[in-house]
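The lines below spell out each chain.
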Amino acid sequence: MPQPHDAVPTGLSRRSVLAAAGLTAAGVAFQGSLGASNASAATTPAIFYSPHQDDEAIGMAGSILEHKAAGRPVYLVLVSKGENGGIAQNLNQTPCFLGDKCSAPNHYHELGWQETGTTPEVVSARTSEFTLSAKAIGVDKVINFKLSDSAYGTDSEYNTFVQQIMGKIRTLIQQYPGASHKFPAGWLDTIDPAQPTNATHKACSDAAYWLMKNGELTDVRFNHIYTYEAFSRDQRDRGADYVLNIPSSHMAKKRAAILAYNTWDPSRNLYTCGYHSVPTMLEEAYGDPREFVYMLPSKYRTGRGN
Ligand SMILES: [Zn+2]
Ligand SMILES: [Zn+2]
């Protein structure tokens with residue numbers, strides 16, 4: 001596997017410090033995610049924000065485990081309820097678009113789930129998958145913002161959603177002073193780079209942007225979630241400030257988290273919603289033991305669709 005960064009910890013740029021922090025993470029606990037020798041940083045939590053049920057397994061699990069291994073408490077936030085009529089449609093239909101890859105018995109599922117509005121069965125089943133994933137990763141705390149996802153509504157609804165996320169983050173800033181905060185790289189999160197980014201993911205990074213601009217958030221990183229489907233393997237590290245090479249023991253846990261999204265067990269409210277939503281992304285993330293971490297770009301643009 002190519003080494004994306006020079007291993008020389010010059011300490012002169014944030015980029016090289018990040019690379020150095022990554023290099024020490026495998027064997028030695030690093031203090032704080034910028035390698036700063038701040039004793040308190042080791043015990044303050046690292047808080048990861050997953051826009052939907054599945055993003056944490058796809059693009060954050062390795063980073064969560066990295067911080068846990070460094071002695072940090074790790075908290076996992078589910079930002080939106082994950083309403084999604086498309087998943088209900090897929091699970092209401094037989095034959096399944098996944099064909100033999102579908103893990104429902106005989107690939108049969110005509111669940112009759114609500115396909116519009118609040119999609120309660122989808123929200124409930126996705127959240128069961130998320131809970132199982134969080135357990136597989138071994139997070140110390142799960143926090144569910146339970147925000148209705150209005151990122152795809154009018155511009156005003158999008159802005160309200162960003163404000164709601166900011167309000168919830170502010171509560172955590174108060175509760176956990178000194179915590180570091182990890183968001184999706186929403187400005188990058190699209191499967192097709194010619195198409196607008198995922199609005200829910202973008203709303204999360206916009207919330208982070210405003211809070212950083214206000215000086216309310218300082219220790220912030222962004223994980224590129226959609227890279228696994230948007231780019232071929234050799235292109236996925238393009239532009240990343242830090243590429244995490246996930247150790248195999250951590251990768252086993254990440255894979256278990258991914259599999260939570262492809263487990264059919266109605267007795268546990270598990271219906272493979274994740275795999276009936278983003279099968280390729282889950283497969284690619286399962287096969288790629290890397291995660292891609294960014295700082296906020298200097299030319300960051302807020303708003304949906306960029
Ligand atoms: Zn998502
Ligand atoms: Zn199916």
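Every value quoted in this text rests on a predicted model; they were computed, and no experiment measured them. (Residues numbered from 1 in each chain as written. Chains lettered and ligands numbered in written order. Predicted model: local features only at pLDDT ≥ 70, side-chain atom pairs only at ≥ 80, totals over all residues. Heavy atoms only, no water.)

Chemist: Kindly report on the coordination of the zinc ion (ligand 2), identifying the contributing residues and their values.
Modeler: Ideal geometry at a metal centre: 109.5 degrees between donors when four sit tetrahedrally, and 90 or 180 degrees when six sit octahedrally. Around the zinc ion (ligand 2), the donor atoms from the protein are Cys 96 (SG), Cys 102 (SG), His 109 (NE2) and His 276 (NE2), and they sit 2.0 to 2.3 Å away. For the zinc ion (ligand 2), the four donor atoms in the first shell make angles of 105 to 121° at the metal, a pattern classed as tetrahedral. (Donors = N, O, S within 2.8 Å, 3.2 Å for Na, K, Ca; no water. Tetrahedral: all angles 85-135°; square planar, octahedral: opposite > 155°, others 65-115°.)

Chemist: Summarise the side chain of His 201; cite the residues concerned and give the values.
Modeler: Relative to the assigned elements, His 201 resides in helix α7 (residues 199–213). Every residue in contact with His 201, bar those within four places of it in the chain, is listed here: Pro 51, His 52, Asp 55, Pro 184, Gly 186, Asp 189, Ile 225 and Tyr 226. (Helix = DSSP H or I, 4+ residues; strand = E, 2+ residues; numbered from the N terminus. Contact = heavy atoms within 4.5 Å.)

Chemist: Break down helix α10 (residues 279–287) for me, with residues and values.
Modeler: Owing to its 3.6 residues per turn, the α-helix aligns residues three or four sequence positions apart on the same side. Looking at α10, one finds that the buried residues are Pro 279, Met 281, Leu 282 and Ala 285. In the core, the buried residues of α10 are packed alongside α2 (55–59), α8 (227–230) and α9 (248–259). (Buried < 20%, exposed > 50% of the residue type's maximum accessible area, 1.4 Å probe, protein only.)

Chemist: Go over the sheet that holds strand β1 (residues 46–50), please, and point to the residues and values.
Modeler: Spatially, seven strands are ordered β3-β2-β1-β4-β5-β9-β6 in an open sheet, and the strand pairing comes out mixed. Lying at the two open borders of the sheet, with one neighbouring strand each, are β3 (141–147) and β6 (242–245). This sheet shows a mean twist of 25° between the axes of neighbouring strands, independent of strand direction. For strand β5 (residues 220–223) and strand β9 (residues 290–294), the ladder comprises two bridges, and the chain directions are antiparallel. Looking across to β9, one finds that Phe 222 is bridged to Tyr 294. (Pairing = 2+ DSSP bridges. Axes fitted to C-alpha atoms, helices over the stretch in contact; angles between N-to-C directions.)

Chemist: How would you explain the coordination of the zinc ion (ligand 1) if you had to name every residue and give the values?
Modeler: At the metal site, the zinc ion (ligand 1) is ligated by His 52 (ND1), Asp 55 (OD), Asp 55 (OD) and His 201 (NE2), and these contacts range over 2.0 to 2.6 Å. Sequence positions of the residues that donate to the zinc ion (ligand 1) give the spacing H-x2-D-x145-H.

Chemist: Would you mind going over the environment of Ile 143 in detail, with residue names and values included?
Modeler: Mapped onto the secondary structure, Ile 143 falls in strand β3. Ile 143 sits in the buried class, given a relative accessible area of 16%. C-alpha separation for the pair Ile 143 and Tyr 49, spaced 94 residues apart in sequence, amounts to 9.2 Å. Setting aside residues no more than four positions away along its own chain, Ile 143 makes contact with Tyr 75, Leu 76, Val 77, Leu 78 and Leu 172.

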